[in-house]
Amino acid sequence: MRKTLLDIKNLRLSFFTPAGEVKALNDISISMQEGDVLGIVGESGSGKSVTASAIMGLTAYPGKIIGGTIDFNGHRINEMSEKEMRKIRGKEVSMIFQDPMTSLNPVYTIGNQIMEVLKLHTDLNKQQAYERSVELLKLVGINEPEKRLKQYPHELSGGMRQRVMIAIGLACEPKLLIADEPTTALDVTIQAQILELMMELKNKINMSIIMITHDLGIVANMCDKIVVMYAGKVVETGTADEIFYNPKHEYTKGLLRSIPKLDSEKHEKLIPIEGTPVDLLNPPAGCPFAPRCGQCMKICLKRMPEFTELSDTHKSACWMLQKEAFEQKRREEK
Amino acid sequence: MSLANEKSTKNNTLVEVRNLKQYFPVSYGLFSKKYIKAIDDVSFNIKRGETLGLVGESGCGKTTTGRSILRLYEPTGGRIIYDGVDITKVDMKPYRKKMQIVFQDPYASLDPRMTVGDIIGEPIDINKLAGSKKERTYMILEMLNRVGLNSEHANRYPHEFSGGQRQRIGIARALAVNPEFIVCDEPISALDVSIQAQIVNMFEELQEKMGLTYLFIAHDISVVEHISNRIGVMYLGKLVELADSHELVFHNVHPYTRSLISAVPIPDPASSRKRKRIVLEGDVPSPLNPPSGCRFCTRCPYADERCKTEEPKLTEISNGHYAACHHLDKVQGN
Amino acid sequence: MDNKKKPLSFHLDVSDFLPADEREKQSMVVMRESVSFWKDGFRRLRKNKLAMASLVVIIIIMISAFIVPSFYPYSYEQQIRGSENLGIMEYSDAEIERIKSGEEVFPHILGTDSLGRDLMIRIMVGSKISLLVGIVASAIILVIGSAYGSIAGYFGGKVDMIMMRAVDIIYTVPDILIIILLSVTLKFPLKELADNVKAFAWINTVGIGLISIFVVFSLLYWVGMARIVRGQVLMLKEQEYVVAAKALGASDSRIIKKHLLTNSIGTLIVTTTLQIPSSIFTESFLSFLGLGVSAPMPSLGSLASQAIGGISSYPHRLMAPAIVISLIILSFNLLGDGLRDAFDPRLKN
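These notes cover the structure that comes with them.

Each value, and the rule that gives it
- Residues numbered from 1 in each chain as written.
- Chains lettered and ligands numbered in written order.
- Predicted model: local features only at pLDDT ≥ 70, side-chain atom pairs only at ≥ 80, totals over all residues.
- Helix = DSSP H or I, 4+ residues; strand = E, 2+ residues; numbered from the N terminus.
- Buried ≥ 20, exposed ≤ 12 C-beta atoms within 10 Å, placed from the backbone.
- Contact = placed C-beta atoms within 7 Å.
- Core = buried A, V, L, I, M, F, W, Y, C linked by C-beta atoms within 7 Å.
- Nonpolar A, V, L, I, M, F, W, Y, C, P; charged D, E, K, R; others polar.
- Pairing = 2+ DSSP bridges.
- Right-handed = clockwise from strand over helix to strand, strands pointing away.
- Axes fitted to C-alpha atoms, helices over the stretch in contact; angles between N-to-C directions.
- Left-handed = near helix turned anticlockwise from the far one by under 90°.

Here we come to the overall build of chain C. What chain C contains, in helices and strands, is 14 helices and 0 strands. Taken from the N to the C terminus, the helices and strands of chain C come in the order α-α-α-α-α-α-α-α-α-α-α-α-α-α. The proportion of buried residues among the 349 residues of chain C is 35%. Counting contacts in chain C only where the partners sit at least 6 residues apart, residues at least 24 apart contribute 72% of the total.

Moving on: the nonpolar core. With 255 residues, the main nonpolar core has A167, M211 and V219 of chain A together with L215 and F216 of chain B as its most contacted residues. Looking at this core element by element, the count peaks at 14 residues for helix 5 (residues 119-155) of chain C. Leaving out residues up to four positions away in the same chain, F216 of chain B has contacts with T51, L52, G53, L54, C184, V224, I227 and S228 of chain B.

Attention now goes to the interface of chain A and chain B. The interface of chain A with chain B comprises 37 residues on the first partner and 35 residues on the second. Those elements that place two or more of their residues in the side of chain A that touches chain B are helix 7 (158-170), helix 8 (188-205), helix 9 (216-222), helix 10 (240-245) and helix 11 (250-258) of chain A. Examining the composition of the side of chain A that touches chain B, we find that 7 residues originate from one element, helix 8 of chain A, more than from any other.

Contact residues are listed per partner, giving 20 residues for chain B and 18 residues for chain C. The set of elements that each furnish at least two residues to the side of chain B that touches chain C consists of strand 6 (99-102) and helix 2 (116-126) of chain B. Ranked by residue count, the leading element in the side of chain B that touches chain C is helix 2 of chain B, at 3 residues. Residue composition of the side of chain B that touches chain C, by class: 9 nonpolar, 3 polar and 8 charged.

The next subject is the pairing of strand 8 (residues 208-213) of chain A. Residue and element names in this part refer to chain A. With 6 of its 6 residues buried, strand 8 lies for the most part within the structure. On strand 8, burial covers both faces: S208, I210 and I212 on one face and I209, M211 and T213 on the other are all buried. Pairing analysis gives 5 bridges linking strand 3 (residues 37-41) to strand 8, with the strands arranged parallel. Within the sheet, the bridge partner assigned to V41 lies in strand 8 and is T213. Where strand 7 (residues 176-180) and strand 8 come together, 5 bridges link them in parallel fashion. When the bridges of strand 8 are listed, L176 appears paired with S208. In the classification by handedness, the crossover that spans strand 7, the intervening helix 8 and the parallel strand 8 is right-handed.

Let's shift gears to the pairing of strand 10 (residues 238-244) of chain B. Residue and element names in this part refer to chain B. Within strand 10, 6 of the 7 residues are buried, leaving the element largely enclosed by the surrounding structure. Pairing between strand 9 (residues 230-235) and strand 10: 6 bridges, direction antiparallel. Bridge pairing links M234 to L239 in strand 10. Bridge count between strand 10 and strand 12 (residues 321-323): 2 bridges; the pairing is antiparallel. Bridge pairing in strand 12 links E241 to A323.

Residue and element names in this part refer to chain A. With respect to the secondary-structure elements, A285 resides in the loop between helix 11 and helix 12 (298-302). Assessed through the 12 C-beta atoms surrounding it within 10 Å, A285 is described here as exposed. A sequence separation of 16 residues divides A285 from L301, and the C-alpha atoms of the two residues are 6.4 Å apart. When neighbours within four sequence positions are excluded, A285 is seen to be in contact with L301 and K302.

Think of two packed helices as two axes; the pair is described by the angle between the axes and how far apart they sit. Residue and element names in this part refer to chain C. Where helix 10 (residues 223-236) contacts helix 12 (residues 252-288), the axes come no closer than 10 Å and their chain directions differ by 145°. Read as a crossing pair, helix 10 and helix 12 show a hand that is right-handed. Residues M225, I228, V229, Q232, V233 and L236 of helix 10 form the contact with helix 12, whose own contacting residues are L260, N263, S264, T267 and T271.

Glancing now at the environment of G47 of chain A. Residue and element names in this part refer to chain A. Within the secondary structure, G47 is located in the loop between strand 3 and helix 1 (48-55). You can call G47 buried: it has 25 C-beta atoms within 10 Å. Non-local contacts of G47, meaning those with residues more than four positions away in its chain, are made with A24, L25, G42, M229 and G232.

The next subject is the sheet that holds strand 3 (residues 51-55) of chain B. Strands belonging to one sheet form pairs held by backbone hydrogen bonds; the direction of such a pair is parallel or antiparallel. Residue and element names in this part refer to chain B. With mixed pairing, 8 strands are arranged side by side in an open sheet as 6-7-8-3-9-10-12-11. Unpaired on one side and paired on the other, strand 6 and strand 11 (315-318) mark the two borders of the sheet. Between one strand and the next, the sheet's axes are offset by a mean angle of 25°, whatever the strand orientation. By the bridge criterion, 5 bridges tie strand 7 (residues 181-185) to strand 8 (residues 213-217) in an arrangement that is parallel. Looking across to strand 8, one finds that D185 is bridged to I217. Most of the contacts of helix 8 (residues 255-263) go to strand 9, to which it runs at about 105°, and overall it touches strand 9 and strand 10.

On to unusual backbone geometry, then. Note the cis peptide between Y61 of chain A and P62 of chain A, where omega equals 5°. Positive phi is not limited to glycine here, since N10 of chain A has a value of about 50°. With respect to the helices and strands, the residue N10 of chain A is situated in strand 1 (residues 4-17). Residue classification places N10 of chain A among the exposed positions, given that 12 C-beta atoms sit within 10 Å. Even without being a glycine, N19 of chain B presents a positive backbone phi close to 50°. Residue position: N19 of chain B is located in strand 1 (residues 13-28). For N19 of chain B, a count of 14 C-beta atoms within 10 Å gives the class partly exposed.

This part takes up helix 11 of chain A. Every buried residue of helix 11 of chain A is accounted for by E250, Y251, T252, G254, L255 and S258 of chain A. Structurally, helix 11 of chain A contributes buried residues whose contacts are with helix 9, strand 9 (225-230), strand 10 (233-239) and helix 10 of chain A together with helix 5 (193-210) of chain B.

Structural data, given as structure tokens:
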């Protein structure tokens, strides 16, 4: 039985803005085992990036965790001080971001930035740190690493910069790498390179990955487990096969229906999800997806649906499933 | 038969691009003047009523092509022929009514100080399409309805709308002049996945209803394949392959097209696992210093000496299918 | 598939599982109240207590400068014999006589000057002149500066280069020198014009000095505004909505007027508001030197200048106009700062 690496329970996080309270995360629970590649899928406003920041203890002001717990590798993240967090950031958990241009400091060389991480978390001396940096750049597939270490971020291409980000993230061989839309800003051929690299590295250094993205194609390819989020709630979790071949939430189903598939032989019309994303300042009382759901029932607008567990790995928060279960129970009783 | 010499049948071809060149000067120092060859001798036709997709990665020149056709950039060389008339150097005012554009960024392409009604009314005012104020209001309302919005939106400001709605406003603005041809410059890239399908469907419906011709520029090949009749693939300012959509995706011949298609993540776990990925080495060269000979030779697995010195011409290899490569026989064999 | 049935709670009602209709769904989707750029900005401005206080001060000064003089019992050029050099709230002997005989004599709140003119009304009229000069000069600067700056910024290239080099040259011109030269050279032709042509009679009242000031403002002082507007236009013309307007067939003038300048309005208002105290100060300073308004028209600067002579015996004659100038300038500066904070798009989230 693999060890549980991350366990988020009933997490609530809100941003207290001048316009009001934005409920970014509204009672979410996510767990993953060591060695998993977990995909978090959602659109803007779903809360996926906020979740990543919360795990890293990097929730930006005016955000605050107002309920629930985050357990990672034996640490209770939401109760740790900034000083304690700094010890594990970069060492046990690392994050890589969407735009490598703004995540890398433009006035320091690449070498400087990689060695900074090593200096903070290891006791390697300068020479050792330099050698490790060269090693890391080779690991992420960058040619002429000695030359690159002396260069500045603007001298590298987007793909290279992202590789450098990955190198920095992996410098201390963390247990968990959180990748927040790491390839959204990259060309598709470069994206393929980076994703392949990430999988290679995962196997090499036995690392777990959380992949945050809106691209269902990426999660289909990389992830074992998938969490689908909408408007600050987890709406469905399952293995890749369960989510893609047996989706049980209307939002998941809607997403799958609305994306064009390259390998479908005939031209199928896209079936979009109607309506617009929810306003998190004024979230509806019941299921956040209800106003856009084709199967919306009266109860959906009034109460938040509870999770129905469809298997050990597959669960979905939808009143339709509760209704089916209720009806089945009634039938059995008859 | 070379594409540039093909006689354009006045009735069928709406837009003809011949040997288009777009060079942007970048000066280094007082004496040396370098050019970014964004488009370097590109030719293609767009038939009346069809959707021609244009794909490629950053630096390929697809966005520049769209804007050059509309003379938003003045072409450095070559000709643009609209409905049989050479419009490369004429006064564009009468053609602005026939050729329109929808932009990528719904947040930046609408003037934040204008109401939605005024934004849609602007083309009506400029081209004096309405005889009276009443007629103007009527036309604006009609446009709003056509894109799925209503009259209560007319007095609001762009920042009050979601991305998808703003894109609809941008489309309504382009439609206000009742154009024949629309350049769609990455119109859905900045939108959430669940909204993209809505907008794609709307494009298709409008095309049917109004008999529009589209140049659909995007980097998401799945969407382009879905909406386009034919697709052109660009690389570093050159058109490397042009064919019917289905043909291009499943029977492509150019090595770049091949790797591009194989790099697209497919939202289907089983297919993903089976797939043979052709991952290219290296990054896209800089458009300031493109390789001599075939632009793709630095990354092509089939490149030889001839490729490094001689530029391949776009030739027809089967009905309507064009490719520019010296080694088509080798590639086709695979 | 193993359906682990969750125990249903008592609160569920079977009818709740009926499909919801469109109306119920729509009621959950409420569009937020429309907030325009102005409403939003003014809301922020109202929160800024200092700016609001300055606004109140400005309004009070404007009322006393423009409205009160019509009701005031004294006029600015009225010389009252026997009431020379009165102190604060002092009455002359003649006036005391009149009070004794039952007449109501309005007190000289700030006393009178050496020619028997009531100082209070002169300060109020002086403020009017200063404010008028400030506002009119700033308006001139706004019009010339924004037209020039937007054209230079929009067209760029050689046009921009030539126009901005002209601006650089104008910057180097010593303004005081030009004002003095102008007021000397213009004196005779303007006087001829005023004396001979009826329509230009107002030139005499306003004063040649003041006209020179306006001429110089129009010639020289707009360059700061031009630079700022050019900067704004350079930034804004890269915005996609400008490209969109071009694609719609908009002419250059339309783009400049409707898109570029409209989106710069925040900056224009702020810069103009901050220009007003600068203009007022320049005018006060020039009038102080005797180059501004001509007697008997008062200006806060000339009042200060006249007060220098009796500074030890009648210090209030200098203090009063000085305090008023300071108040006006301070209030406009604070208001301008407040406006900038309120309308600065970068502060918007």
